[in-house]
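Structure at a glance
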Amino acid sequence: MTVAACVVYIGLGSNLDDPVRQVGDALLELREMPGSQLLRHSRLYRSTPIGPQDQPDFVNAAAMLETALDPFELLDALHLIEKRHRRERGVRWGPRTLDLDLLLYADRRIDSPRLQVPHPQMHRRAFVLVPLHEIAPQLTVPGQGALAALLAAVDTEGLRAVDEVATG
Ligand code: ROI
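Read on for an overview of the structure. (Residues numbered from 1 in each chain as written. Predicted model: local features only at pLDDT ≥ 70, side-chain atom pairs only at ≥ 80, totals over all residues. Heavy atoms only, no water.)

**A few points about the overall build of the protein chain**
- In terms of regular secondary structure, the protein chain is built from five helices and 10 strands.
- Principal axes of the C-alpha set define a box for the protein chain whose edges measure 50 × 35 × 30 Å.
- Counting over 168 residues, the protein chain shows a buried share of 49%.
- A separation threshold of at least 6 residues defines the contact pool for the protein chain, and within that pool the share at least 24 residues apart is 68%.
- Summed over its atoms, the accessible surface of the protein chain is roughly 9000 Å², and 51% of this surface lies on carbon and sulfur atoms.
- Counting 18 positive and 22 negative side-chain charges, the protein chain places the centres of these two groups 3 Å from one another. (Helix = DSSP H or I, 4+ residues; strand = E, 2+ residues; numbered from the N terminus. Buried < 20%, exposed > 50% of the residue type's maximum accessible area, 1.4 Å probe, protein only. Contact = heavy atoms within 4.5 Å. Areas by Shrake-Rupley, 256 points an atom, 1.4 Å probe, with all protein chains shown as cover. Lys, Arg positive; Asp, Glu negative; His and termini not counted. Charge placed at Lys NZ, Arg CZ, Asp CG, Glu CD.)

Right, dumping it as structure tokens:
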């Protein structure tokens with residue numbers, strides 16, 4: 001069956017094994033993903049860890065895709081990319097080579113054991129909201145409200161665009 005293409009948003013994160021390269025390569029892989037088109041992506045941001053602090057800083061970014069995949073096919077495709085980056089699942093909130101989170105799937109709300117959309121923590125996390133706002137400032141998060149208002153309510157202190165870091 002042909003599914004009408006939907007706009008979706010993906011959050012990317014890495015804090016192991018050259019995180020800038022991990023996230024850069026993942027963006028290239030999203031560009032190649034079957035049934036999908038990468039429409040836009042944010043800059044890369046370096047961010048202090050949320051949760052356990054005894055781990056390296058993260059690099060985070062956000063991507064906007066148009067996809068004909070349904071949410072679960074898309075989730076499988078994201079997991080395949082994570083697997084190629086040798087993502088080891090197991091340590092909850094521990095360091096990772098690559099994390100790809102399906103943040104938003106059109107204006108859908110999905111609550112299944114495998115997948116919750118919008119991503120249940122996204123509205124509190126500056127490392128998600130800042131890159132997302134860069135590519136979609138007008139966005140509304142279903143059930144949470146305007147992205148700009150969510151962003152205004154979080155502390156963005158620990159976040160710097162990677163090019164700003166490089167040039168001081
Ligand atoms: N903290 C930051 N800054 N960036 C992340 O991508 C990230 N991912 C996580 C936890 C451990 C919650 N903390 C994070 O999964």
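**Concerning helix 3 (residues 126-135)**
- Most of helix 3 sits out of view: eight of its 10 residues are buried.
- Those residues of helix 3 not exposed but buried are Ala126, Phe127, Val128, Leu129, Val130, Pro131, Leu132 and Ile135.

**A word on the nonpolar core**
- Counting 29 residues, the largest nonpolar core has Leu12, Leu30 and Leu74 as its most contacted members.
- Where this core is concerned, the elements lending two or more residues are strand 1 (6-14), helix 1 (19-31), strand 4 (58-67), helix 2 (71-84) and strand 5 (99-105).
- Considering every element that reaches this core, the biggest residue donor is helix 2, with five residues.
- Setting aside residues up to four positions removed in sequence, Leu30 forms contacts with Leu12, Ala63, Leu65, Leu78 and Ile81.
- Judged by nonpolar contacts, the second largest core, of 23 residues, contains Ala62, Val130, Val154 and Ala161. (Core = buried A, V, L, I, M, F, W, Y, C linked by side-chain atoms within 4.5 Å.)

**Here's the deal with the side chain of His119**
- Structurally, the position occupied by His119 is in the loop between strand 7 (116-117) and helix 3.
- Leave out the neighbours within four places in its chain, and His119 touches Asp101, Leu102, Leu103 and Arg125.

**Thoughts on the site of the ligand**
- Every residue lining the ligand is accounted for by Ser47, Thr48, Pro49, Ile50, Gln55, Phe58, Asn60, Trp93, Arg96, Arg125 and Phe127.
- One of the backbone N or O atoms of Thr48 is found 2.8 Å from a nitrogen atom in the ligand.
- A distance of 2.8 Å separates an oxygen atom of the ligand from a polar side-chain atom of Asn60.
- Contact with the protein chains hides 96% of the accessible area of the ligand, taken as 350 Å² for the molecule alone.
- Looking at the shell around the ligand residue by residue, the classes come out as five nonpolar, four polar and two charged. (Near = heavy atom within 4 Å. Polar contact = N/O pair within 3.5 Å; in protein donor to acceptor, adjacent residues only side chain to side chain. Nonpolar A, V, L, I, M, F, W, Y, C, P; charged D, E, K, R; others polar.)

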